[in-house]
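# Architecture at a glance
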Amino acid sequence: MRAPKLTRRSFFKAAAAGSAVAAAVGVLAGCTHEADEPTGDPVVVDEDSAEDILSTFSEASAPISVESTWSIPLGNVLHPAEGTWIPVTTAGSSATPMVKASALSLETGQLSEVVSEPIGQHTTTVIYDARCSDSVYAWVELDYVTREWTLYASSFVGGALQGETTALWKGDKDFDPAPFAVSGSRVIWQVQPSTSGTRTSEHSFCYLWHSGDAEAKAVVESFGRFATAPQVSGDSVILTPRVRSDSVVFYGVTAYSLSDDLETQLDQLVMPQSVRPFRATRVGERFLVSVEASYSSGGLLGQMGTYIGTASGGFSRLNREPSECGCGKGDLFIVKSNATYLTMDLASKQLSSLPSADRIVDYGEYPARTGECDLFVTFSTVKDASTGYPASVTVRTFRL
């Protein structure tokens, strides 16, 4: 890996987003991928060049079926994870604490309380978000009055925190609470200016920290805000920095190697000018990118929908309004559509839908897996059969 450089230029660029960094963890000077490094050309292709999945694929029965089902209490929200433990934010039994951080075992269906109350001492501080692997648990606490926030992480074993908790970053109202992901021993997060703060013109940075390290690394710099949260998929991390120019908006959906801490760029899809991706991940060597609005220019990738493919290999398009980030394995892709999920087999050109859980509320099921996976996990709020009111949360798994 390239040794970090300490120069006046790189120091001030790293410090631009770091005025509120927590003292517990330092940040190495320099950035692995600076905003002005060379990028590819924008991908603008004809709107008729992609295969339209809805019109060309044949309908078939669902290729996967439910493997496990659990019911957990109402008020639990699952978040995407890669391992046998799924991070959960749990509604507190009273106003203080308003939210707790938990974890659900995919082996037993057991829900374990991990962080019972915020570390922050203010009564207006809440647990805002949580992510985990099977060895690290991380969460963001937010003061909903001052908008100050802190990203914490700790070793995690068997559904419980182990050892000391580390403050990785601290920000104020000028920076959004960090979007973050956890994989193995790594926590990966983005620090980017708020759209309503006083520092909207500053660059954004993505950082990476290994459990137990005294310092984090600045790994990717963006000319402005990243378009999507970091997504871990197999051996890659997918980020969407603004690339090419300070004054012209191009987003580069970029896959970096996880094994060398994002040193190596595996592939990149530079979106047409001003087209902002809504969700982005990768399955195998194909990108899975969605666009939530239709633009007046930009060709194929400037139209609302979900796209599967690469700049060199072409795309398949699902012409539906996108929702959550998709996932898949091999040629099989799974994308949320309204209240259920569509499965698309690109090899056999077959399209099917997964049966929804019984008595789900109108918004349907949501994923607790993104990117490449062997086990698809969904959760949904379901109604009581006798009253019609939301009563519990159903978690289901599907083996791919």
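Check the entry above for the structure.
Residues numbered from 1 in each chain as written. Predicted model: local features only at pLDDT ≥ 70, side-chain atom pairs only at ≥ 80, totals over all residues. Heavy atoms only, no water.

## A closer look at the pattern of salt bridges
Within the structure shown, the criterion is met by 13 salt bridges. The salt bridge involving Asp 261 is made with Lys 217; its shortest N-O contact spans 2.9 Å. With Asp 261 in the loop between β19 (252-257) and β20 (265-270) and Lys 217 in strand β16 (residues 215-222), this residue pair connects regions lying 44 residues apart in the sequence. We classify Asp 261 as buried; its relative accessible area is 8%. Linking Lys 329 and Asp 374 is a salt bridge whose minimum nitrogen-to-oxygen distance equals 3.0 Å. (Salt bridge = Lys/Arg side-chain N within 4 Å of Asp/Glu carboxyl O. Helix = DSSP H or I, 4+ residues; strand = E, 2+ residues; numbered from the N terminus. Buried < 20%, exposed > 50% of the residue type's maximum accessible area, 1.4 Å probe, protein only.)

## Focus: the packing of aromatic side chains
The full count for this structure, using the stated rule, is eleven aromatic pairs. Where Phe 376 meets Phe 398, the ring centres are 5.9 Å apart and the plane angle is 35 degrees; that geometry is what we call tilted. Of this pair, Phe 376 sits in strand β31 (residues 375-383) while Phe 398 sits in strand β32 (residues 390-399), placing them 22 residues apart in sequence. Across this residue pair, the class does not change: Phe 376 and Phe 398 are buried. Through a chain of ring-to-ring contacts, three or more aromatic side chains come together here, namely Trp 85, Tyr 137, Trp 139, Tyr 152 and Phe 156. Seen from the ring of Phe 278, Arg 279 lies directly overhead, with NZ or CZ sitting 4.3 Å from the centre. The ring of Tyr 366 has Lys 336 lying over it, and the distance from NZ or CZ to the ring centre is 4.5 Å. (Phe/Tyr/Trp six-rings, centres within 6.5 Å; stacked < 30°, edge-to-face > 60°. Lys NZ or Arg CZ within 6 Å of the ring centre and 35° of its normal.)

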